[in-house]
There are 2 protein chains.
Amino acid sequence: MTLRELADLLGLSQTTVSRALNGYPEVSESTRKRVVARAKALNYRPNPNATRLATGRSQAVGHVIPITSKNEMVNPIFSDFLAGAGETYAREGYQLVLNVVRESHMEDAYRSLVEQGTVDGVVVQGPRMEEPRIALLQQIGLPFLVHGRATGEDTEYSWLDVDNHCAFERATALLLSAGQRRIGLINGQEHLDFAFRRRCGYNSAHRSHSVEVDTALCYSDEMTEYFGYESARRMLQSDQPPTAFLVSSMLPAIGARRAVGEFGLQFGKDIWMIIFDDNLSYLKNSGSPPTFTAMKSSVRDAGRRCAEILLQLIRSGSSKPIQERWQAQLVMGTSTGDLVSAKEPDHDHANLTR
Amino acid sequence: MTLRELADLLGLSQTTVSRALNGYPEVSESTRKRVVARAKALNYRPNPNATRLATGRSQAVGHVIPITSKNEMVNPIFSDFLAGAGETYAREGYQLVLNVVRESHMEDAYRSLVEQGTVDGVVVQGPRMEEPRIALLQQIGLPFLVHGRATGEDTEYSWLDVDNHCAFERATALLLSAGQRRIGLINGQEHLDFAFRRRCGYNSAHRSHSVEVDTALCYSDEMTEYFGYESARRMLQSDQPPTAFLVSSMLPAIGARRAVGEFGLQFGKDIWMIIFDDNLSYLKNSGSPPTFTAMKSSVRDAGRRCAEILLQLIRSGSSKPIQERWQAQLVMGTSTGDLVSAKEPDHDHANLTR
DNA sequence: ATTACTAACCAAAGCGCTTTGAATAGGCAA
DNA sequence: TTGCCTATTCAAAGCGCTTTGGTTAGTAAT
C-alpha cells in the first residue's frame, strides 16, 4: 500500500493525502477524517525510507558504543540504560540504531552517521573527563545528549547526570559521622567522569571531617565482580584494614561481600558497606530491608529520560542546552549499623533539575 | 557530494559511476579505477536512504527485544550477545536496529520492520519452547536466525544453539559419577527453550545413573543473583539438603555461593558446584584455576557468529536453513572436588555443526 | 563491404514520499 | 455582476540512488 494507491482509492491527490496524514492545516477536517480512517482501515504505513529521503530526517537515534580491548562499554549498566531509552524510542516512533565501534574509528562513525542522514541525534554514553566526542559533535552539528558530564569540557552542552559528587560525599560523610575512619573506596575507572566525581566527593567529605584520605584504600578499575573481590581482599589483608567500604556499583559490591565473607567478618557488623545502586533489573538490591545500604538512582529511568530529552532537542531544533541533574536516593540496608543516629544534614532527594 | 555531482565531475553518467562503484562488469577497468579513485578522494558516500529506497534493501538488521513486567530480556547475557553481533555488523557495513517492544506488540513490531523495509533480517533471541515468532517470520518471509531453538517447532529454520542438553547431561553425570546423589538445579525459566533443554539433560543423566530426580531440588526462574541465593538458601535449610549445585548462569551462581557461605559450608568441599558460564565480559569466571567448574561457551562469540550467519542468509537469498550447534567446553575450577577420576566418556569439545 | 557482436557508456524511468507553486471554487464586499 | 480572499485541492518537481532499455563505436566474421 503506497501513498499513491491510497490517494487513488480516495479520489484525492497524493499531496492532500500526505498533508492530511501529517496534520497540515490546509486540509478540510472532513477530508482529513476520511483519509485517516481509510489509511487505518487499509493499514497504510508510509515507507520510512522514502520519507527519509524526501525529508532528510531519519526518525532514528544513534547510540555509539566504543569498544576497546580494555574498556568495555557493554556492561550490565549499559544494557539497562539501553532498555530504558529503547522504551522511549518505541513509544515515540523513533528507531534505535546501535553502533558498536572500535575506539579508533569513533570519529568516523559519528561523521558517517550524520553525513549519511542515518540518525537525527545521538546519545553519548560513558563520557570521560576529557571527552573529545563533545567537541566533535558540536562541530558536525548533530544533536546529542550526554549521559553524564565531562569535567574537562567547558562549553555548554546537553546532559543528564546523577549528582555523583554529592552522592559519594553524603555516603562518605555518613560513614565518617558514624565514627568510621578507614573507608575503602572501590571505584570505577577514574578517567571516566562519573568515577572521578565520585572520588572527589569521597575526598571532599574526608576534608570536611578532617580525616586524611589513605590512597592505599582507594581502588579503581572496571566494575566487575572480580575487581570488587580482589580489591576488598587486598585491603582486608593489609596491616590497617578498612572498617567500611564504599563501592561504586552492585557487581563489585557482590565481589567485595564475597571477600568479606572469606575473611570471616560479619557483613554489616564487623565491616560496613555503602554502595551505589543503579537499580539494575538483574542485580536488584533485594530483601527488606535491602541487603546493601545504598545511594540509589535507576539507570533505566535515566535511559528513558535521556531519550526523551534527546527527542525534545531534535524536535525543537534549538541548540539551547538542556541539563538535568538527579540526586541519588539514600536507602538504608543491612550492610551498615546505626547510621541514622549520625543524622545527616537535610538533602533534597527528589530528581530535580539543578 | 551526490552521485550526480561526482558523475558530472568525472564527465560520466550516473549510471556508469554507480556501476563502477558497485562492481558491475559493464564498466571498463580503467574507468572503474578512475571513478573509485575520485570517489575516495572526494570522500563520496552514497546516501543510504536513497539506496534503500531504490533497492528496497536496508543494509540493516533488527534485534527485537521483548519486554514484559516479568521477563526481562535485557540481562547481562543479552548485552554481551549484542556486543558480539554488533562487531560483525560494523565490520560488514550493516546497521543494527534495536527494537524494545512490549510483548503484546511484538507481532506488529516484526510486521512493520519488514513491511517498511527497515531491516533485511532479524535475530530472534530467547526463544521459548513454543515460539510463535518463528511461524510469524516464516509467514512474512523475513530472513531470520534464532539464537537457540524452539522444541515445539517442527518446521525447519535457521538457528545457532549451544547444546544445552548435552552440557547439562555431562555436568550432571560428572557429579553423579563422583558419588553425588542430591544435586540442586538452579535453572532459568523453563518455558524458555534453553532452560527446558538443560532440565532435560539433568533428568536424563539421573535416569542413566538410576538416580531419582527430587523435584524439591529443582528451582527455575529468572537468572538473577537473588534467585540463586534464595533457591540455594531454601534447599540448604531443608531436611535433606543437596550436596552439589548445578547452576544455569554466573549471576545466580554468585548468589548460590553467597548462600553456601552463610551456611558456613566450605565451597568446593562441603558442597560442589558446576555452572554454565557464558563467559560474560563483566562476570568472568576468574582465577586460575577458575573459581567455578563450568560448562563454558561464550555468548559473545555466539552473537558474532549469529550475525554472520544471518548476513549470509540475507545475502544468499536462499531459504535453505543454516543450523549450528555448539558444544560447551568443560572447565575445571575450584568449586568441585576430584571430578576427573570419575572419568567422563569422550566428548567432542570443539564448536561443530551438528 | 556488409553483417553481427560485444564492450562501454548513457538517458530516463522509477523507488515512495514531501513540498512548491498553481489552480479551483465558494464567500463576501463593492 | 465583478473582483478579491480564503479555503481546498492538485500537478509536478524533487530527494539521491538503481536499473531498464537503449545507443555508439569498435571488432570479428562472412
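Keep in mind that what you see is a predicted model, and the values were worked out from it rather than measured.

**Quick word on the overall build of chain A**
- A tally of regular secondary structure across chain A gives twelve helices and twelve strands.
- Its C-alpha atoms put chain A at 85 × 40 × 35 Å along the principal axes.
- The contacts in chain A between residues at least 6 apart in sequence include a share of 68% that link residues at least 24 apart.
- Positive and negative charge centroids in chain A, built from 39 and 41 side chains respectively, lie 6 Å apart.

**Structural notes on the side chain of Asn285 of chain A**
Residue and element names in this part refer to chain A.
- Tracing the sequence through the fold places Asn285 in the loop between strand S9 (272-277) and strand S10 (293-296).
- Looking at Asn285, the relative accessible area reads 13%, which means it is buried.
- A distance of 3.4 Å separates a polar side-chain atom of Asn285 from the backbone nitrogen of Thr291.
- A polar side-chain atom of Asn285 sits 2.8 Å from the main-chain carbonyl oxygen of Phe292.
- Look past the residues within four positions of Asn285 in its chain and what remains in contact with it is Met250, Asp277, Pro290, Thr291, Phe292 and Ala294.

**Brief notes about the interface of chain A and chain B**
- Each side of the interface is counted separately: chain A has 51 residues, and chain B has 51 residues.
- Around 4400 Å² of area is buried between chain A and chain B when both sides are counted, 56% of it from carbon and sulfur atoms.
- Where chain A meets chain B, there are two salt bridges.
- Note that Arg257 of chain B is salt-bridged to Glu225 of chain A, the shortest N-O span being 3.1 Å.
- Linking chain A with chain B are ten residue pairs in polar contact (both at pLDDT 80 or more).
- Elements with a minimum of two residues in the side of chain A that touches chain B: helix H4 (48-55), helix H5 (76-92), strand S2 (95-102), helix H6 (106-115), helix H10 (225-236) and helix H11 (250-262) of chain A.
- No other element matches the nine residues that H5 of chain A contributes to the side of chain A that touches chain B.
- Of the residues belonging to the side of chain A that touches chain B, the class tally is 22 nonpolar, 16 polar and 13 charged.
- For S2 of chain A and strand S2 (residues 95-102) of chain B, the ladder comprises three bridges, and the chain directions are antiparallel. Across the sheet, residue Leu96 of chain A finds its bridge partner in S2 of chain B, namely Leu98 of chain B.

**Some thoughts on the protein's contact with DNA strand C**
- Close contacts around DNA strand C come from 29 residues, with Leu3, Ser18, Arg19 and Tyr24 of chain A together with Thr15 of chain B the closest.
- In the environment of DNA strand C, a phosphate oxygen lies 2.8 Å from a nitrogen or oxygen atom belonging to the side chain of Thr16 of chain B.
- Counting residues per element, the ones that place at least two in the surface near DNA strand C are helix H2 (14-22) and H4 of chain A together with helix H2 (14-21) and helix H4 (48-55) of chain B.
- Taken together, the residues that form the surface near DNA strand C break down as ten nonpolar, 14 polar and five charged.

**Overview of the pairing of strand S8 (residues 244-247) of chain A**
Residue and element names in this part refer to chain A.
- The two faces of S8 match: Ala244 and Leu246 on one face and Phe245 and Val247 on the other face are all buried.
- Pairing analysis gives four bridges linking strand S6 (residues 183-187) to S8, with the strands arranged parallel. Residue Ile183 lies in a different strand from S8, and its bridge partner there is Ala244.
- Pairing of S8 with S9, which is carried by four bridges, proceeds in the parallel orientation. Residue pairing across strands places Ala244 opposite Trp272, the latter belonging to S9.
- Note on the crossover from S8 through H11 to S9: the handedness is right-handed.

**Focus: helix H10 (residues 225-236) of chain B**
- Between its first and last C-alpha atoms H10 of chain B spans 17 Å; for twelve residues at 1.5 Å apiece the expected length is 16 Å, and the two agree.
- Within H10 of chain B, nine of the twelve residues are buried, which leaves it mostly tucked inside the rest of the structure.
- Every buried residue belonging to H10 of chain B is among Glu225, Phe227, Gly228, Tyr229, Glu230, Ser231, Ala232, Met235 and Leu236 of chain B, and all of these are buried.
- In the core, the buried residues of H10 of chain B are packed alongside H11 of chain A together with strand S6 (183-187), strand S7 (218-220), strand S8 (244-247) and helix H11 (250-262) of chain B.

**Considering the relation of the copies chain A and chain B**
- Each copy of the sequence occupies a distinct position, and chain A is placed on chain B by a rotation of 180 degrees and an axial shift of 0.1 Å, giving an RMSD of 0.2 Å. Here the symmetry operator amounts to a two-fold rotation axis.
- Both copies present the same face, since 100% of the interface residues in chain A are matched by interface residues at the equivalent positions in chain B.

**A short note on a nonpolar patch on the surface**
- On the surface, Met1, Leu9 and Leu42 of chain A cluster together into a nonpolar patch covering about 250 Å² of accessible area.
- Its place among the elements puts Leu9 of chain A in helix H1 (residues 3-10).

**Re the sheet that holds strand S9 (residues 272-277) of chain B**
Residue and element names in this part refer to chain B.
- One open sheet accounts for six strands, arranged S7-S6-S8-S9-S10-S12; its pairing is mixed. Either end of the sheet is taken by a strand with one partner, and the two such strands are S7 and strand S12 (329-331). Put simply, the sheet's adjacent strands are angled 15 degrees from each other on average, direction ignored.
- Relative to S12, strand S10 (residues 293-296) runs antiparallel, the two being bridged by three bridges. In the sheet register, Ala294 faces S12, and the bridge partner there is Val331.
- Where H11 meets the sheet, it contacts S6, S8 and S9, and its direction lies at approximately 165 degrees from that of S9.

**Regarding the protein's contact with DNA strand D**
- In the vicinity of DNA strand D lie 28 residues, with Thr15 and Glu26 of chain A together with Leu3, Ser18 and Arg19 of chain B positioned nearest.
- In this structure, Thr16 of chain A approaches DNA strand D through a side-chain N or O atom, which is 2.9 Å from a phosphate oxygen.
- Between DNA strand D and Thr31 of chain A there is a distance of 2.9 Å, counted from a phosphate oxygen to a side-chain nitrogen or oxygen.
- For the surface near DNA strand D, the elements supplying multiple residues, two or more each, are H2 and H4 of chain A together with H2 and H4 of chain B.
- Across the surface near DNA strand D, the residue classes tally to ten nonpolar, 14 polar and four charged.

**Re the domain arrangement of chain A**
All names here are of chain A.
- Split by domain assignment, chain A resolves into domain 1 (1-12 + 30-44), domain 2 (60-162 + 300-326) and domain 3 (164-299 + 329-353).
- Taking the mean C-alpha position of each, domain 2 and domain 3 sit 28 Å from one another.
- Buried area between domain 2 and domain 3, summed over both chains or domains, comes out near 2000 Å², and the portion from carbon and sulfur atoms is 51%.
- When the buried area of domain 2 at its contact with domain 3 is split by residue, Ile77, Met129 and Val162 rank highest and sum to 28% of it.
- At the junction of domain 2 with domain 3, the criterion picks out zero salt bridges.
- Along the contact surface separating domain 2 from domain 3 lie eleven residue pairs in polar contact (both at pLDDT 80 or more).
- Mapped onto the side of domain 2 that touches domain 3, the elements with two or more residues apiece are H5, strand S5 (159-162), helix H12 (299-316) and strand S11 (323-326).
- Class assignment of the residues belonging to the side of domain 2 that touches domain 3 gives a composition of nine nonpolar, six polar and ten charged.

**A short note on the nonpolar core**
- Of all hydrophobic cores here, the largest spans 152 residues; its most connected members are Tyr89, Phe245 and Met273 of chain A together with Tyr89, Phe245 and Met273 of chain B.
- Not counting the four nearest positions on each side in its chain, Phe245 of chain A is found in contact with Leu175, Gly184, Ile186, Ala232, Met235, Leu236, Val260, Ile271, Trp272, Met273 and Ile274 of chain A.

What counts as what
- Residues numbered from 1 in each chain as written.
- Chains lettered and ligands numbered in written order.
- Predicted model: local features only at pLDDT ≥ 70, side-chain atom pairs only at ≥ 80, totals over all residues.
- Heavy atoms only, no water.
- Helix = DSSP H or I, 4+ residues; strand = E, 2+ residues; numbered from the N terminus.
- Contact = heavy atoms within 4.5 Å.
- Lys, Arg positive; Asp, Glu negative; His and termini not counted.
- Charge placed at Lys NZ, Arg CZ, Asp CG, Glu CD.
- Buried < 20%, exposed > 50% of the residue type's maximum accessible area, 1.4 Å probe, protein only.
- Polar contact = N/O pair within 3.5 Å; in protein donor to acceptor, adjacent residues only side chain to side chain.
- Buried area = accessible area lost by both parts, 1.4 Å probe.
- Salt bridge = Lys/Arg side-chain N within 4 Å of Asp/Glu carboxyl O.
- Nonpolar A, V, L, I, M, F, W, Y, C, P; charged D, E, K, R; others polar.
- Pairing = 2+ DSSP bridges.
- Near = heavy atom within 4 Å.
- Right-handed = clockwise from strand over helix to strand, strands pointing away.
- Expected span 1.5 Å × (residues − 1).
- Least-squares fit on C-alpha atoms with pLDDT ≥ 70 in both.
- Patch = residues over 30% accessible without salt bridge, like charges linked within 9 Å, V, L, I, M, F, W, Y side chains within 5 Å.
- Areas by Shrake-Rupley, 256 points an atom, 1.4 Å probe, with all protein chains shown as cover.
- Axes fitted to C-alpha atoms, helices over the stretch in contact; angles between N-to-C directions.
- Domains from an automatic or database assignment.
- Core = buried A, V, L, I, M, F, W, Y, C linked by side-chain atoms within 4.5 Å.

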